[in-house]
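Now for the letters of each chain:
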Amino acid sequence: MSKSTQPATGRQWMLLILVLLVALNLRPFLTAPGPVLSEIVAETGMGYGSLALLTLLPMMLMGVGAFVSPSLQAMIGTRRGILIALLVLAAGSLLRLVSPGGAALVTTAALCGAGAAFIQAAFPGIIKAEFPQSIPVVTGLYSAFLMGGGALGARLTPLLVNQGYGWRPALAWLAAPALIALCAACFILSDSRSDRPDKTLTGQLLRRPRTWTLIVAFGLVNAGYSSAVAWLASYYQSLGWSSGDSGNLVALMAVCQAAAALALPVLARRSIDRRAFLRLTLAMQAVGFAGLAFMPQVAPAVWAALCGAGLGSSFSLAIVTALDHLPLPEEAGVLVALMQGGGFLIASLGPFATAFLHDVTGSFASGWTMHLLCVASVFFLYMRFNPSRYAQAMQSSA
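To keep things clear, this report deals only with the structure shown in the data block. (Residues numbered from 1 in each chain as written. Predicted model: local features only at pLDDT ≥ 70, side-chain atom pairs only at ≥ 80, totals over all residues. Heavy atoms only, no water.)

### Overview of the overall build of the protein
Part 1 of the argument: The helix and strand inventory of the protein stands at 18 helices and 0 strands.
Part 2 of the argument: Since a compact globule built from 398 residues should have a radius of gyration of about 21 Å, the 20 Å found for the protein is in line with a globular shape.
Part 3 of the argument: Counting over 398 residues, the protein shows a buried share of 58%.
Part 4 of the argument: Excluding contacts between residues fewer than 6 apart, the proportion of contacts in the protein whose partners are at least 24 apart in sequence is 84%.
Part 5 of the argument: As displayed, the protein offers around 14,600 Å² of accessible surface, 68% of which is attributable to carbon and sulfur atoms. (Helix = DSSP H or I, 4+ residues; strand = E, 2+ residues; numbered from the N terminus. Rg over C-alpha atoms; globule rule 2.2 N^0.38 Å. Buried < 20%, exposed > 50% of the residue type's maximum accessible area, 1.4 Å probe, protein only. Contact = heavy atoms within 4.5 Å. Areas by Shrake-Rupley, 256 points an atom, 1.4 Å probe, with all protein chains shown as cover.)

Dropping the structure here:
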């Protein structure tokens, strides 16, 4: 990104506002269908496998797109790519207004995922380049608004449906904030070919084992997120809850994600060794998933809140930790893109695996148990993130 002629502080404030506006649009399309799945099923006849595609397919595209995004940035530039991505994201939501059936609805989810993929790959590099002294705080804000967008989607759709709107118009309203972000990006973003990433970086970083460690850890954690946004509402509806109450539970989870996504990076900003805080994120997830699996009716709000806090803070701290590995913004940005790319491919399997276990056992509890085991596995991967060894880890190749 090129430097503006405006005072640095004024330009940074404008960029920060844009970062937050855009982040707000990166999760609603995933969380919005969950609370109204019963209405979608009644009208389209979609089964659990097809419904899982509403989360699985965009997550997969977010994964594949993150691998492709650095090359696209090098070819067309960050500004043009973000503008196109926001337009695609808005179109995906708007087309849900006229989706005739399940296949069309899945296609709109794919469009949203493709748009989000480029943005999520590009923004961490922008943050490191434009806010070098405030990376944890700005990343926390970015992650908080990203998760807050999830809360917006989970709460808005059942609210609109209860007000007499059909589920199609309710989902289509999510195009509005994307169009607002698009207009803001047109005025605020600038571009420079010299700031575009090296096309060869992707191949170089994929030959480093540390890149794959980051990918696996990120993927296993976010598999829990994708399953939660896909099935948490349905889980509690199967226990007798209404769509509104179950939607509120998803919204609570997303609000806690947003709060923790900001709070933990701020707390961790004074030390480059993030491992103690990463372990805390896993502890919260472990308690939350255990509660959902074994005592769902005891304190559902507590379990949802703990899952949300653990998942949200783990997401933002994972980005900060990956950015810590490399000093140059363009290199660190590509590393984060790859972490998210491979990670989202793994995470996309979460809803499908949970649906499969539901079909086998008759309960979503088996899926929450699966994610509890994933959390335990990530603990050992997080222990390897010793900052004194980052330089060595990023120099070694497979």
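Once the structure has been displayed, the description carries forward.
### Comments concerning the environment of S134
Part 1 of the argument: As for its position among the elements, S134 is in the loop between α6 (102-130) and α7 (135-162).
Part 2 of the argument: According to the relative accessible area criterion, S134 is partly exposed, its value standing at 31%.
Part 3 of the argument: For the pair S134 and T202, spaced 68 residues apart in sequence, the C-alpha separation works out to 26 Å.

### Some remarks on the packing of helix α4 (residues 48-76) against α6
Part 1 of the argument: With their axes 6 Å apart at the nearest point, α4 and α6 run at an angle of 35° to one another. In this structure, α4 crosses over α6, and the sense of that crossing is right-handed. Between α4, through S50, L53, L54, L57, P58, L61, M62, G65, A66, S69, L72 and Q73, and α6, the contact on the second element is made entirely by L105, V106, A109, A110, G113, A114, A116, A117, F118, Q120, A121 and A122.
Part 2 of the argument: Its residues assigned to classes, the contact of α4 with α6 comprises 18 nonpolar, 6 polar and no charged. (Axes fitted to C-alpha atoms, helices over the stretch in contact; angles between N-to-C directions. Left-handed = near helix turned anticlockwise from the far one by under 90°. Nonpolar A, V, L, I, M, F, W, Y, C, P; charged D, E, K, R; others polar.)

### A closer look at the nonpolar core
What tends to happen in soluble globular proteins is that the nonpolar side chains get buried as a cluster.
Part 1 of the argument: One finds Y142, W231, L232, L292 and W368 to be the most contacted residues of the largest nonpolar core, which totals 115 residues.
Part 2 of the argument: Examining the composition of this core, we find that 14 residues originate from one element, helix α11 (residues 209-238), more than from any other.
Part 3 of the argument: What L292 contacts, discounting residues up to four positions off in sequence, is L232, Y235, Y236, W303, C307 and W368. (Core = buried A, V, L, I, M, F, W, Y, C linked by side-chain atoms within 4.5 Å.)

### Some words on the side chain of R274
Part 1 of the argument: Examined against the element boundaries, R274 turns out to sit in the loop between α12 (243-267) and α13 (275-294).
Part 2 of the argument: Of the residues examined, R274 reaches a relative accessible area of 5% and is grouped as buried.
Part 3 of the argument: Within the local environment of R274, its side chain forms a polar contact with the backbone oxygen of A268, the two atoms lying 2.7 Å apart.
Part 4 of the argument: Within the structure, R274 has its side chain in polar contact with the side chain of D324 (distance 2.8 Å).
Part 5 of the argument: Residue contacts for R274: discarding those within four places in its chain leaves P136, A268, R269, V320, T321 and D324. (Polar contact = N/O pair within 3.5 Å; in protein donor to acceptor, adjacent residues only side chain to side chain.)

### Digging into helix α17 (residues 365-382)
Part 1 of the argument: With 18 residues, α17 extends 26 Å between its outermost C-alpha atoms, agreeing within 8% with the 26 Å of an ideal straight helix rising 1.5 Å per residue.
Part 2 of the argument: Within α17, burial applies to A365, S366, G367, W368, H371, C374, V375, V378, L381 and Y382. (Expected span 1.5 Å × (residues − 1).)

### Brief notes about the pattern of salt bridges
Part 1 of the argument: All told, the structure shown has 3 salt bridges when counted by the stated rule.
Part 2 of the argument: With a shortest N-O distance of 2.3 Å, R168 and E43 are connected by a salt bridge. Here R168 is found in helix α8 (residues 167-172), whereas its partner E43 is found in helix α3 (residues 37-44), with 125 residues between them in sequence.
Part 3 of the argument: Here D273 and R275 are joined by a salt bridge, their closest N and O atoms 2.8 Å apart.
Part 4 of the argument: You can call D273 partly exposed: its relative accessible area is 27%.
Part 5 of the argument: Looking at R275, the relative accessible area reads 17%, which means it is buried. (Salt bridge = Lys/Arg side-chain N within 4 Å of Asp/Glu carboxyl O.)

### Structural notes on a nonpolar patch on the surface
Part 1 of the argument: On the surface, V64, V68, L72 and M75 cluster together into a nonpolar patch covering about 300 Å² of accessible area.
Part 2 of the argument: With respect to the element layout, V64 can be found in helix α4. (Patch = residues over 30% accessible without salt bridge, like charges linked within 9 Å, V, L, I, M, F, W, Y side chains within 5 Å.)

### Points about the packing of α11 against α13
Part 1 of the argument: At a minimum axis separation of 13 Å, α11 and α13 run at an interaxial angle of 30°. Taken as axis vectors, α11 and α13 run roughly parallel relative to one another. Two packed elements cross with a definite hand, and for α11 against α13 that hand is left-handed. Listed contacts from α13 to V221, G224, L232, Y235 and Y236 of α11 are L282, Q285, F289, L292 and A293.
Part 2 of the argument: Classifying every residue of the contact of α11 with α13 gives 8 nonpolar, 2 polar and no charged. (Parallel < 35°, antiparallel > 145°, perpendicular 65-115°, else oblique.)

### Regarding the packing of aromatic side chains
Part 1 of the argument: One pass over the full model with this rule turns up 11 aromatic pairs.
Part 2 of the argument: Seen from their ring centres, Y235 and Y236 are 5.1 Å apart, and the 70° between their planes marks the pair as edge-to-face.
Part 3 of the argument: Residue classification places Y236 among the buried positions, given a relative accessible area of 0%.
Part 4 of the argument: An angle of 80° between the planes, with centres 6.2 Å apart, marks the rings of Y235 and F364 as edge-to-face. Taken together, the residues span a long stretch of sequence, with Y235 in helix α11 and F364 in the loop between α16 (349-361) and α17 at a distance of 129 residues.
Part 5 of the argument: Among the aromatic residues, ring-to-ring pairing joins W231, Y235, Y236, W241, F289, F364 and W368 into one connected group. (Phe/Tyr/Trp six-rings, centres within 6.5 Å; stacked < 30°, edge-to-face > 60°.)

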